[in-house]
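Architecture at a glance
Here are the chains, one letter per residue:
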Amino acid sequence: MISLLILFGVLGGIGALLTVTLLRRGGGRTDTVEGVLREQEAVRQAEADRVSFGLGAHNSLPTVSDGYIRRNGRR
């Protein structure tokens, strides 16, 4: 019984530590221009990958050349 209480105490302590850590971080987005540009590029890349590798958009499986063509702007 005591070991069960110790286990719950440790888990509760870890949960409290994680909560405090997340609240202290602030959770703000990137404010620098470089960070915003990286984020925009990542969004564009994700969109290109969804189009290129989406199985519903093609009758066949995607190939390596599909991703290469779309990434380099050759449509």
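None of these values were measured; they are calculated from a predicted model.

**As for the overall build of the protein chain**
Counting its secondary structure elements, the protein chain contains 3 helices and 0 strands. Moving toward the C terminus, one meets the helices and strands of the protein chain in the order α-α-α. Out of the 75 residues belonging to the protein chain, those deemed buried represent 7%. Of the roughly 6700 Å² of accessible surface on the protein chain, 63% is carried by carbon and sulfur atoms.

**With respect to a nonpolar patch on the surface**
A contiguous nonpolar patch, built from M1, I2, L4, L5, I6, L7, F8, V10, L11, I14 and L18 and spanning about 1200 Å² of accessible area, is present on the exposed surface. Residue position: I2 is located in helix α1 (residues 2–25). Judged by its relative accessible area of 63%, I2 is exposed.

**Brief notes about the pattern of salt bridges**
Under the definition given, this model contains 1 salt bridge. Put simply, E41 and R44 hold a salt bridge, and the shortest N to O gap is 2.9 Å. Taken together, the residues E41 and R44, both in helix α2 (residues 33–53) and 3 residues apart, mark about one turn of the helix. Overall, E41 belongs to the partly exposed group, its relative accessible area being 40%. For R44, a relative accessible area of 47% corresponds to the partly exposed category.

**Remarks on the confidence of the model for the protein chain**
Across the protein chain, the average pLDDT comes to 76, with 60% of residues at or above 70. Mean pLDDT across the secondary structure elements of the protein chain bottoms out at helix α3 (residues 64–71), with 54, and peaks at α1, with 93.

The rules behind the values
Residues numbered from 1 in each chain as written. Predicted model: local features only at pLDDT ≥ 70, side-chain atom pairs only at ≥ 80, totals over all residues. Heavy atoms only, no water. Helix = DSSP H or I, 4+ residues; strand = E, 2+ residues; numbered from the N terminus. Buried < 20%, exposed > 50% of the residue type's maximum accessible area, 1.4 Å probe, protein only. Areas by Shrake-Rupley, 256 points an atom, 1.4 Å probe, with all protein chains shown as cover. Patch = residues over 30% accessible without salt bridge, like charges linked within 9 Å, V, L, I, M, F, W, Y side chains within 5 Å. Salt bridge = Lys/Arg side-chain N within 4 Å of Asp/Glu carboxyl O. pLDDT = per-residue confidence, 0-100.

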